[in-house]
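These are the residues of each chain, in order.
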Amino acid sequence: MKNVIIIGAGMTGLGTAWRLSEHGFKINILESDKIIGGLAKTIKIGNQNLDIGPHSFFSEDKEVLKKVLDLFEGEKSTFQYSKKRNVKMIFRGKYIDYPLSLKSIFQMGILSPILSSLSFLKSYIRLSIISLFFKKKEIKNSTIEKWAIDNFGKYLYLNFFKPYTEQFWKINTSELSSRVIPSSKKFDFAKTLKHLLINKYFDLAKREPGELSLQERESLPTYYPKKGYGEIANRIGKKIENNGGKIHTSHNVKEVILKPNNTFDVNTKDKVFNGDIVVSTIPLNRIINKIRPSPEKTILNSANKLEYLSLILVYLNTKKKNILNCEYCYFVDRPYNRISEMDFITGNMNTEDENLLIVEISCHYQDKMWNYSNEEVFSLCIDALEKDNLLKKENILHYEIIKVPSVYPIYRKDYEIHLKEVEKYFFKINNFFSIGRQGQFYYGDSDQMIRIGFDTADKIIKQ
Ligand SMILES: Cc1cc2nc3c(=O)[nH]c(=O)nc-3n(C[C@H](O)[C@H](O)[C@H](O)COP(=O)(O)OP(=O)(O)OC[C@H]3O[C@@H](n4cnc5c(N)ncnc54)[C@H](O)[C@@H]3O)c2cc1C
């Protein structure tokens, strides 16, 4: 049976190994961290289990959902189950519905509905005139600036899309692809109206035919393992080991050597693993620099242009309850993008008399924010929370800070050109696969990563 080396024990790597190990393949998973799960892991600090931001499991993929629920078979009480999510946004001092709806436009202020309607209409008339003379351009490659103005008018672009998008990505909207709003290519005037008026939500995540929209995915029932989200990864890990697979944690892959006989030597600090097939789930800009012989310079340059946004997580323990009164709240004009009140999501990460807030700050790897000390990050957050009258410094019992370097693929306006170059290179090596959120530059959820893992495994099995 073929010998497969999987780099990274996140949901994608685990999903691939789970399926392959069920078919008798010899599996070695190499994971640089001390624990498995990647972005979907749970870290134990003191007596507390901390997830990488708020995670819950939901899926419209029947097979993935069943397989994950079966991991907890006979112990349904280990899962917290919830039917509905309550999400808000604080926008210029006002609470508005999130995702954006007609109601949120009214909540933005008295003038907002009038000004949005006028600029929305102006954009519609302008686009209609243009389309009389020119064939409609592919919207796929447009920037988010162009997409938002064309579809929603300048008022909503300047007052909603621009501040929110730039705060999150820390990049000017004229530099970002409309892909950061995944369903952007599917919008037109009629659809925009329908989504604002009838569906209430922007259909942000409608990617490919057959997949659910963000709104529909957001309304799926959610599951949360009481020991922490990472319990899903841990149980998949056990299945893999029971099937004979080996998981090597604290094994940072340094080099992947493609040998003349078409097998691979994968080097970690102390050990070399030989494999017939390699599946990498680590960032594209990292794996490409580890391959020997090195790919051509143009490929390396393209891969190095595929960057990932980093995330700083601030965990605040407090006795104060009902702070946001919702699961998540998004913020504009603050140092952070989102805060989750874990009492409303699971209530399992904190003791009964305590509450836990998870504050998310996006930044670029090694920028000013990334290099702030923990004390500086904490001060920044607590000052802003005090200004909003949400929490005071004396309310905090203790805090933890976790920094994660590669979290969100950054869809710059030219990302597709570079991604295609790198994909073309990998396509030529038929026993090497780069997959998953990091390895495919695909911003998806963990159920979708397990699906990618299963599908890749099926391809390998067929080969
Ligand atoms: C804040 C936040 C909230 C989220 N909420 C949800 C949610 O509610 N529900 C949901 O389903 N999904 C959620 N997601 C998405 C989900 O976490 C990810 O899509 C999924 O975990 C990605 O899995 P992956 O295996 O593709 O990548 P990763 O998890 O990034 O795995 C890659 C692995 O490779 C390892 N690695 C890196 N370099 C090396 C090396 N040189 N050698 C060996 N190993 C290496 C890493 O340590 C990591 O374990 C959320 C994500 C974030 C950031």
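The structure under discussion appears in the preceding block.
Computed from a predicted structure; not experimentally measured. (Residues numbered from 1 in each chain as written. Predicted model: local features only at pLDDT ≥ 70, side-chain atom pairs only at ≥ 80, totals over all residues.)

(A) Quick peek at the site of the ligand. Taken together, 34 residues lie around the ligand, and Gly-8, Gly-10, Gly-38, Gly-53 and Gly-436 are the ones closest in. Mapped onto the shell around the ligand, the elements with two or more residues apiece are helix 1 (11-22), helix 15 (436-439) and helix 16 (446-462). Looking at the shell around the ligand residue by residue, the class counts come to 13 nonpolar, 15 polar and six charged. Built from parts of two domains, the shell around the ligand gets at least three residues from each of domain 1 (3-38 + 227-306 + 412-462) and domain 3 (308-409). (Near = placed C-beta within 6 Å. Helix = DSSP H or I, 4+ residues; strand = E, 2+ residues; numbered from the N terminus. Nonpolar A, V, L, I, M, F, W, Y, C, P; charged D, E, K, R; others polar. Domains from an automatic or database assignment.)

(B) Quick peek at unusual backbone geometry. Cis geometry is found at the peptide bond from Arg-292 to Pro-293, where omega equals -5°. A positive phi angle, close to 70°, is found at Asn-262, a residue other than glycine. Here Asn-262 is to be found in the loop between strand 10 (255-258) and strand 11 (264-267). Accessibility expressed as a C-beta count within 10 Å gives 10 for Asn-262, which makes it exposed. (Buried ≥ 20, exposed ≤ 12 C-beta atoms within 10 Å, placed from the backbone.)

(C) Layout of the sheet that holds strand 15 (residues 308-318). Across the sheet, seven strands lie side by side as 7-6-16-17-18-15-19; this open sheet has mixed pairing. At either end of the open sheet lies a strand with only one pairing partner, and these are strand 7 (94-97) and strand 19 (396-409). Neighbouring strand axes in the sheet, compared pairwise and without regard to direction, differ in orientation by 25° on average. Sheet analysis places strand 6 (residues 87-91) next to strand 16 (residues 328-331), joined by four bridges and oriented parallel. Bridge pairing in strand 16 places Ile-90 opposite Phe-331. (Pairing = 2+ DSSP bridges. Axes fitted to C-alpha atoms, helices over the stretch in contact; angles between N-to-C directions.)

(D) Structural view of the pairing of strand 17 (residues 338-341). Residues Arg-338 and Ser-340 point to one face of strand 17 and Ile-339 and Glu-341 to the other, with burial holding for every one of them. Of the pairings in the sheet, the one linking strand 16 to strand 17 comprises three bridges and is antiparallel in character. Bridge assignment links Tyr-330 to a residue of strand 17, and that residue is Arg-338. Taken together, strand 16 and the strand that follows it, strand 17, pair antiparallel across an intervening segment of six residues, in which Asp-333 is found at a positive phi of about 65°. The pairing of strand 17 with strand 18 (residues 355-364) spans four bridges and is classified as antiparallel. Within the sheet, the bridge partner assigned to Ser-340 lies in strand 18 and is Ile-358.

(E) Looking closely at the packing of helix 1 against helix 16. Between helix 1 and helix 16, whose axes approach to 7 Å, the crossing angle comes to 40°. Between helix 1 and helix 16, the crossing angle belongs to the class labelled oblique. Here the hand of the crossing between helix 1 and helix 16 comes out right-handed. In this structure, helix 1 contributes Met-11, Thr-12, Gly-13, Leu-14, Gly-15, Thr-16, Arg-19 and Leu-20 to the contact, and helix 16 contributes Ser-446, Met-449, Ile-450, Ile-452, Gly-453, Phe-454, Thr-456, Ala-457, Asp-458 and Ile-460. Looking at the contact of helix 1 with helix 16 residue by residue, the classes come out as nine nonpolar, seven polar and two charged. (Parallel < 35°, antiparallel > 145°, perpendicular 65-115°, else oblique. Left-handed = near helix turned anticlockwise from the far one by under 90°. Contact = placed C-beta atoms within 7 Å.)

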